[in-house]
Amino acid sequence: MSNNFDVVVIGAGPAGYAAAIRCAQLGLNTACIDKSIGKDGQPTLGGTCLNWGCIPSKALLDASHKYVEAKNELAEVGINTGDVSVDVPKMIARKDEVVAGLTGGIAGLFTGNGVTSFAGTGKLLSNKQVEVVDHDGGTQVLAAEHVILAPGSVPVDIPPAPLTEGVVVDSTGALEFDSVPGRLGVIGAGVIGLELGSVWNRLGAEVTVLEALEDFLPMADQRIARDAKKILSGQGVDIRLGTRVTGAEVTDAGVVVSFDDKDGSQTLIVDKLIVAVGRRPYTDELLDPDSGLVVDDRGFLAVDDTCATEQAGVYAVGDVVRGPMLAHKGTEEGVMVAERIAGFKPQVNYETIPSVIYTHPEIAWVGKTEQELKSEGVEFNAGSFPFAASGRALAANDTQGMVKVLADAETDRILGVHVLGPQASEIVAQAVIAMEFDASAEDLGLIMFAHPTLSEALHEAALGVSGHAIHMMNRKRK
Ligand code: FAD
Ligand code: NAD
């Protein structure tokens, strides 16, 4: 086998594997190198997302939500279940099966599309050469016309709470508990803290989340964030803002977490502690000093809008570059770079990246928040619609939350859509489509939505921008 390729991709997460598959589909002789080892001790593809991120966390979120429904909610709709109990090892094993199916699927896609896969560590050398060190220490050097760096990210550690196997864990460890902890502490009320905190809270843990900031979910629309906090607190997740963790000591009585808040120094004793304070780019062993590339002071690789680095023919995509650390953002960057290498000119629209937090209800948004528009001095109109007034949400016994549409006061162009509610992740996709086509709130209001659907709440919120919502009191509006 020749070691010369048109494209070599380092990293087979959603950014790298999508880039590699698209390159091969476009007729480019493509190799992809990944160093991950799965739970079974074998090389695995799919990166963080498939192995330790999006997919396993959603498998546990969906399973734990079914448990809550069975235990607390089915009786309300006339279904008596009797005693409902949780089998954590079975839930974890099923999550592992889902992961194995999908990671194996990527291997199948590589074979089917003709991507040459290398299991090992890739390092960018000079002149677009890439060294591969396999898991037995064997080394070879690949030469490429183009190199795509997609090494992803890893959890950030904090000195006051060093990880301790099975007790003080990061997100990966929090997907592997073999029983429900009685008391669970979470450091960080970000996306991971809320999602994994929700999983174990639903299964019965007493969950306390310690967040350094005074604001809850500052990146979300603050009205939505306020309502979400109230709902999550009502579910039993104790979210304490403005706390600074100063230490975490593993003792026989549990993990003693010390923190400072507005009332002074406090302690909290928990059985397990999840550290979920963000992720950092994973560039260990990625760049040879002769590669011509260095990371910035936060560990990211600098790229332009087309994901080109300052070295001609070398690109970087996914969590290792600026922008939100989201799988779909990385995938679109990977596809864009593949197509640009093949001579096409696609772009990623960074203004319409959807964000979703998969709590229940889900929190999802795209575009600008109300507080961002205000701080930028943009005049806007807002329309909102509560799920409590949605026929479908009432029928489904799932009525918490609302949809909120923000539109430019002059042009009516949609600037942001914010959803707290059932299937918010699916509803926000419709808003992304509308914004991609530069829709106005009126355009969305003129479109026919099937009845009864949860999506009708988006329709009504868009109508509400001009005061035309049908299922709201708007007597004086024209
Ligand atoms: P990664 O998925 O991290 O993949 C990079 C791969 O490259 C890894 O396999 C790594 O081992 C490999 N690699 C690194 N360096 C080298 C090297 N030198 N040589 C060879 N291989 C190398 N995002 C969402 O959009 N939706 C979600 O619901 C979601 N849920 C998440 C839940 C959790 C618990 C976590 C931790 C993350 C979640 N994310 C979610 C974030 C998402 O997983 C990442 O944004 C995404 O995986 C980034 O893709 P990537 O391809 O850039 O990197
Ligand atoms: P995050 O940035 O979402 O949240 C981290 C939180 O920890 C922040 O609120 C921060 O203020 C807080 N924090 C930081 N240091 C702290 C400290 N010392 N004490 C207390 N609080 C502290 O990061 P995350 O939740 O770790 O997630 C990492 C990345 O993974 C995110 O960028 C996210 O986009 C991605 N992710 C996405 C999804 C999804 O799309 N549903 C799910 C999980 C993860």
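Predicted model, so just to flag it, every value in this text is computed and none were measured.

Student: I'd like a rundown of the sheet that holds strand β11 (residues 244-251), residues and numbers included.
Tutor: Spatial ordering of the open sheet is given by β11-β12-β13, a layout of 3 strands whose pairing is antiparallel. Edge positions in the sheet fall to β11 and β13 (264-270), since each has one partner strand and no second. Strand-to-strand, the axes of this sheet are offset by a mean angle of 20°, without reference to chain direction. Relative to β13, strand β12 (residues 254-261) runs antiparallel, the two being bridged by 7 bridges. Looking at the pairing, Asp260 lines up with Ser265 of β13.

Student: A description of helix α6 (residues 191-202) should follow, citing residues and the corresponding values.
Tutor: Spanning 12 residues, α6 covers 16 Å between terminal C-alpha atoms, matching the ideal 16 Å at 1.5 Å per step. Note on α6: the residue one or two positions beyond its end, Gly204, has a positive phi of about 125°.

Student: Before we move on, can you summarise the site of ligand 1 with the specific residues and values?
Tutor: By nearness alone, 38 residues border ligand 1, and Asp34, Ser36, Thr48, Lys58 and Gly122 come closest of all. Between ligand 1 and the protein, one listed contact pairs a nitrogen atom with a backbone N or O atom of Gly122 at 2.8 Å. Counting residues per element, the ones that place at least two in the shell around ligand 1 are α1 (14-25), β2 (30-34), α2 (47-52), α3 (54-73), β3 (116-124) and α8 (327-341). No other element matches the 4 residues that α2 contributes to the shell around ligand 1. Tallied by class, the residues present in the shell around ligand 1 amount to 17 nonpolar, 16 polar and 5 charged.

Student: Now, about the domain arrangement of the chain: what can you tell me, with residues and values included?
Tutor: Domains assigned within the chain are domain 1 (4-155 + 280-350), domain 2 (168-277) and domain 3 (361-465). Distance between the C-alpha centres of domain 1 and domain 3: 31 Å.

Student: So what's going on with the pairing of strand β14 (residues 272-275)? Which residues, and what values?
Tutor: The two faces of β14 match: Lys272 and Ile274 on one face and Leu273 and Val275 on the other face are all buried. Examined bridge by bridge, strand β8 (residues 183-187) and β14 share 4 bridges and lie parallel to one another. Considered in β14, the bridge of Leu184 is made with Lys272.

Student: How would you summarise the site of ligand 2 if you had to cite specific residues and measurements?
Tutor: Looking at ligand 2, there are 20 residues lining it, with Ile192, Glu195, Glu211, Gly278 and Val356 nearest. Contacts to ligand 2 include Glu195, whose side-chain N or O atom sits 2.8 Å from a nitrogen atom. Starting from 840 Å² of accessible surface for ligand 2 in isolation, the protein chains cover 75%. For the shell around ligand 2, the residue count by class is 13 nonpolar, 3 polar and 4 charged. Two domains each donate at least three residues to the shell around ligand 2, and these are domain 1 (4-155 + 280-350) and domain 2 (168-277).

Reading the values: rules and limits
- Residues numbered from 1 in each chain as written.
- Chains lettered and ligands numbered in written order.
- Predicted model: local features only at pLDDT ≥ 70, side-chain atom pairs only at ≥ 80, totals over all residues.
- Heavy atoms only, no water.
- Pairing = 2+ DSSP bridges.
- Helix = DSSP H or I, 4+ residues; strand = E, 2+ residues; numbered from the N terminus.
- Axes fitted to C-alpha atoms, helices over the stretch in contact; angles between N-to-C directions.
- Expected span 1.5 Å × (residues − 1).
- Near = heavy atom within 4 Å.
- Polar contact = N/O pair within 3.5 Å; in protein donor to acceptor, adjacent residues only side chain to side chain.
- Nonpolar A, V, L, I, M, F, W, Y, C, P; charged D, E, K, R; others polar.
- Domains from an automatic or database assignment.
- Buried < 20%, exposed > 50% of the residue type's maximum accessible area, 1.4 Å probe, protein only.
- Areas by Shrake-Rupley, 256 points an atom, 1.4 Å probe, with all protein chains shown as cover.

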